[in-house]
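Examining the three-dimensional arrangement
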Protein chains: 2
Amino acid sequence: MKFASVSEVLEKLVNEVSIDIEGEVVDIQDAVGRYVYRDYISRVDLPPFDRSAVDGVAARFTDVAGASETSPVLLKLVGRVDVDSSDVTSLSQFEAVLVSTGAPIPSGADVVIPIEYCLIRDNLVYLYRTYPRYSNISFRGEDLRVGDTIVRKGTKLKPWHVAALAASGYDSVEVFRKPRIAVLNTGDEILKGLVPNTTYYLITAYIKEIGGEVSYTKVVPDDIEEISEALRRALQVSDIAIITGGSSVGSRDLAPDAVLKLESSKEIFRGVRIRPGRTASAYLVNGKPVLLISGLPVAAYISLELFLTPILNKAFGSVSEVKPTISGKLVRRLSNEVGFKSFYRVIACRDRGEVVIIPLRLTGSGILSTLIKANAILEVPEDLEGYDEGSEVEVTLIGPLEECSNTSNSETRKSKE
Amino acid sequence: MKFASVSEVLEKLVNEVSIDIEGEVVDIQDAVGRYVYRDYISRVDLPPFDRSAVDGVAARFTDVAGASETSPVLLKLVGRVDVDSSDVTSLSQFEAVLVSTGAPIPSGADVVIPIEYCLIRDNLVYLYRTYPRYSNISFRGEDLRVGDTIVRKGTKLKPWHVAALAASGYDSVEVFRKPRIAVLNTGDEILKGLVPNTTYYLITAYIKEIGGEVSYTKVVPDDIEEISEALRRALQVSDIAIITGGSSVGSRDLAPDAVLKLESSKEIFRGVRIRPGRTASAYLVNGKPVLLISGLPVAAYISLELFLTPILNKAFGSVSEVKPTISGKLVRRLSNEVGFKSFYRVIACRDRGEVVIIPLRLTGSGILSTLIKANAILEVPEDLEGYDEGSEVEVTLIGPLEECSNTSNSETRKSKE
């Protein structure tokens, strides 16, 4: 069986899979973290009027042009403007107005001198410095103007987007509904309770973490008919289905056959040159993507990261956020099977000021504890035989970065031998 | 007023603030993303027994030691072991057993030869290669052993932690309850609806995003008595209170006085050398932290990032995850007011293969659109006068990284002039 490379299967996946997820309206207070369903433009100018950015004295720039510590300018104080009250709306030559932060600027004024440079005596004010014209004024629409784009379709809403939408008068937002994802775990050993269904918990937690909804779950025996029927039911209520197990290269390669038994089913790719997770496959059934991934937890996690995200990004029209990375020195040689893109679990930690990268010795795709002990993943590209000891490598962090002495792990102690 | 540096105020904050957040029990299925309240150790061995890692033939290593393509070893096939059924439990010399992936290894066997190197003829099997002793066997407890730590108190639960906890028989987990955070926005102009309460939406969305609960909200007039009374009520139902506005250096510096009016109140710091957000202050009221931050959205966001997270980390005993960063070339000079740590909003984007960093021209702390247009923050340390055009700088990403040509922003076009 000749497997394709990651980039080849990702290209196929993105080209051939196109799922349609509708919008739903949520209250603006519940919108953070959701993917917005359409472009939103500002319906207001922000600030809504020209306003003072400081507490101070508003005046005409030409009147205060020469003011300095040693030769202050004297102006007539004709009133006071607060954010909610005003006894002046326009200003003539040699007149000044006391303004508070956020207060509207009276017409005629084109500079505000901060209060600390002003001395007020009854209805006169001494100004002890000048500022360039328009200083300390926030102009109407300088932040957002009617028609400015606040967010584009597919944006994952951050607190500032929510704030800008609210400021623009939106009290609800149309977002993509959560993608509905079915999880079918195949395996008689799981069904009979002989081994814990670890991967089920990993996948369902993963789906929730990325903002999806677990729409259907079932543990299915190693039987083509039963897998096929469970998938048919799952897809009735789901946008995507994930099937674990049943696709090893051994004797019980049932899941691919079960998928292809369904009408309008089609292979996208079968097998991929990654380690762990080489048996990962993808199909379309009635236009809905079905991912077949390993039942072993580490391989399952790597496959979800690689194959689920691009499908959702395409549906939302969105771009993935960059993951946190860090560079450090590899403490021992790491060898790679050329032709496979490999994902090694490593510990990245600070050792006397520098970051070191410690590959975990156990690397089996079933070894869940490698994910628990690791805080980073080191990707080795297909064309490399590995990295030499002492190489500077960049890793993707999946947990916090700590001092090596704080990680309660024998692997880090080994690095100091 | 002599302000302290960020590092000074953070040290004070972490030393003086210590909030007590209880645990609550949640179903394992709802645990992802929560902070675990105690250490959890494995109650089981994983795998629960020695098992085959492949479909193949289990045998004694000494019997298969010489097997090769040209001189296969012939053994007697005495039975078959599946994950859920077995007709053999132990193996004598020159005997072999067919095993499936995950099946228990019969006693006596100490290697498994993958099925693709075996030829079965009735009750005989030819083995065409050998493997080192113990190959293709997953030993009991090799992943997790009874008593191994799965997660330490304060860990933010990831999908693999949930999976390992479930595998270890935990169907519920004790996690820190969500921290209860009150948000009081001061300002007559907000109360009277003259300006939108933008910062309220930013802060409440931020609290939800970091896994907190908004426990109390109120818009309060610019009045010491009223702020004081609202804070007293807020703290009755909250672990932390955030007050916006009312602490400018101008004429209406009300919030600090309002906080200090309450019994058992104490200043932690007042003002900090950051831009934007220099008026940020922190107090303790009956042992509960009260953060006074700017009512301007960008300054408010920077202050939340700096001051809220350390308080929660200390409460949970947890370490922050590293934020995603990227390095790129600054397209124009950026100057800094020495003595202040400054946070500039920038666009980081890919321009013909290299990453460029484009500072936004408008930098006012009220300018929400800078957060909307930016996808990264560039921190300039206190002791620098800025960065020269062309400098390589590292920025913290707050949104996805795109091609410069895709960012619909005039600033990026300017970079190409």
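Every chain begins its residue count from 1, and numbering advances along the sequence as written. Labels are handed out in written order, letters beginning with A for the chains and numbers beginning with 1 for the ligands. This being a predicted model, a pLDDT of at least 70 is required before a residue's local features are given, and a value of 80 or more before pairs of side-chain atoms are given or counted; all residues contribute to the totals for chains, interfaces and linings.

Some words on the overall build of chain A
Within chain A one finds 10 helices and 27 strands. When we talk radius of gyration, it's over C-alpha atoms, and the globule rule is simply 2.2 Å times the number of residues to the 0.38. Over its C-alpha trace chain A gives a radius of gyration of 31 Å, far above what one expects of a compact globule, namely 22 Å for 417 residues. A principal-axis box enclosing the C-alpha atoms of chain A has dimensions of 95 × 55 × 35 Å. Whether a residue is buried, exposed or partly exposed is read from the other C-beta atoms within 10 Å of its own C-beta, which are placed from the backbone; 20 or more gives buried, 12 or fewer gives exposed, and intermediate counts give partly exposed. Across the 417 residues in chain A, those meeting the buried criterion constitute 49%. The numbering of helices and of strands both runs from the N terminus, where a helix is a DSSP run of H or I of at least 4 residues and a strand a run of E of at least 2.

Some words on the sheet that holds strand 9 (residues 124–127) of chain B
The strands that make up a sheet are held in pairs by hydrogen bonds between backbone atoms, and each pair lies either parallel or antiparallel. All names here are of chain B. Pairing is mixed across the open sheet formed by six strands, whose spatial order is 7-4-6-5-9-8. The open sheet has two edge strands with one neighbour each: strand 7 (111–114) and strand 8 (118–121). Strand after strand, the sheet turns through a mean of 35° between neighbouring axes, direction not considered. Here the rule is simple: two strands pair whenever DSSP picks up at least two bridges between them. Bridge analysis of strand 5 (residues 73–81) against strand 6 (residues 95–99) gives four bridges, and the strand direction is parallel. Each axis is a line fitted through C-alpha atoms, taken for helices only over the stretch in contact, and angles between the N-to-C directions span 0 to 180 degrees.

Some points on unusual backbone geometry
In this structure, the amide linkage connecting A:L46 to the following residue, A:P47, adopts the cis form with an omega of -10°. Along the chain, A:P47 turns up in the loop between strand 2 (40–41) and strand 3 (51–52). A cis amide bond links B:R275 to the next residue, B:P276, at an omega of -5°. Among the structural elements, B:P276 can be located in the loop between strand 17 (274–275) and strand 18 (281–285). Of note, the phi angle at A:D122 is positive, near 55°, even though the residue is not glycine. Turning to its location among the elements, A:D122 is positioned in the loop between strand 8 (118–121) and strand 9 (124–127). Classification of A:D122 as exposed rests on a count of 6 C-beta atoms within 10 Å. Here the phi dihedral of A:N286 falls at roughly 50°; this positive angle occurs in a residue that is not glycine. Assignment of secondary structure puts A:N286 in the loop between strand 18 (281–285) and strand 19 (288–293).

Here we look at the packing of helix 1 (residues 6–16) of chain A against helix 8 (residues 297–316) of chain A
Residues and elements named next belong to chain A. Running from amino to carboxyl end, helix 1 crosses helix 8 at an angle of 30°, the nearest separation of the two axes being 10 Å. Taken as a pair, helix 1 and helix 8 cross one another with a handedness that is right-handed. Counted together, V6, L10, L13 and V14 of helix 1 and L306, F307, P310, I311 and K314 of helix 8 form the full contact between these two elements. Each residue gets one label: Ala, Val, Leu, Ile, Met, Phe, Trp, Tyr, Cys and Pro are nonpolar, Asp, Glu, Lys and Arg are charged, and the others, such as Gly, are polar. For the contact of helix 1 with helix 8, the residue count by class is eight nonpolar, no polar and one charged. Crossing handedness is read from the near helix: turned anticlockwise from the far helix by less than a right angle, it gives a left-handed crossing, and turned clockwise, a right-handed one. The contact criterion used here is simple: two residues whose C-beta atoms, placed from the backbone, lie within 7 Å are in contact.

Overview of the relation of the copies chain A and chain B
All copies are superposed by least squares; the fitting set is the C-alpha atoms of residues with a pLDDT of at least 70 in both. Take chain A, turn it by 180°, move it 0.1 Å along the axis, and it overlays chain B with an RMSD of 0.1 Å. What the superposition gives is, in effect, a two-fold axis relating one chain to the other. For chain A, the minimum C-alpha distance to the rotation axis belongs to A:P324 and amounts to 1.8 Å. An overlap of 99% is found between the interface residues of chain A and their copies at the interface of chain B, pointing to a shared contact surface.

So, the domain arrangement of chain A
Domain start and end points were adopted from an automatic or database domain assignment. When its domains are assigned, chain A resolves into domain 1 (6–21 + 178–316), domain 2 (28–44 + 144–176), domain 3 (51–138) and domain 4 (325–414). Taking only C-alpha atoms, the centre of domain 1 of chain A and the centre of domain 3 of chain A are 67 Å apart.

Examining helix 1 of chain A
Residues and elements named next belong to chain A. When we look at burial in helix 1, the residues that qualify are V6, V9 and L13. Projected down its long axis, helix 1 carries its buried residues within an arc of 75°, all on one side. Exposed positions of helix 1 whose direction lies more than 90 degrees from the buried face are S7 and N15. Each element contacted by the buried residues of helix 1 is listed here: strand 16 (265–270), strand 17 (274–275), strand 18, helix 8 and strand 22 (341–351). The arc refers to the directions leading from the helix axis to the C-beta atoms.

Some words on the interface of chain A and chain B
Contact with chain A, which involves 72 residues of that partner, is made by 72 residues of chain B. Those elements that place two or more of their residues in the side of chain A that touches chain B are strand 11 (149–151), helix 3 (159–167), helix 4 (188–191), helix 5 (198–209), helix 8 and helix 9 (368–373) of chain A. Taken together, the residues that form the side of chain A that touches chain B break down as 38 nonpolar, 20 polar and 14 charged.

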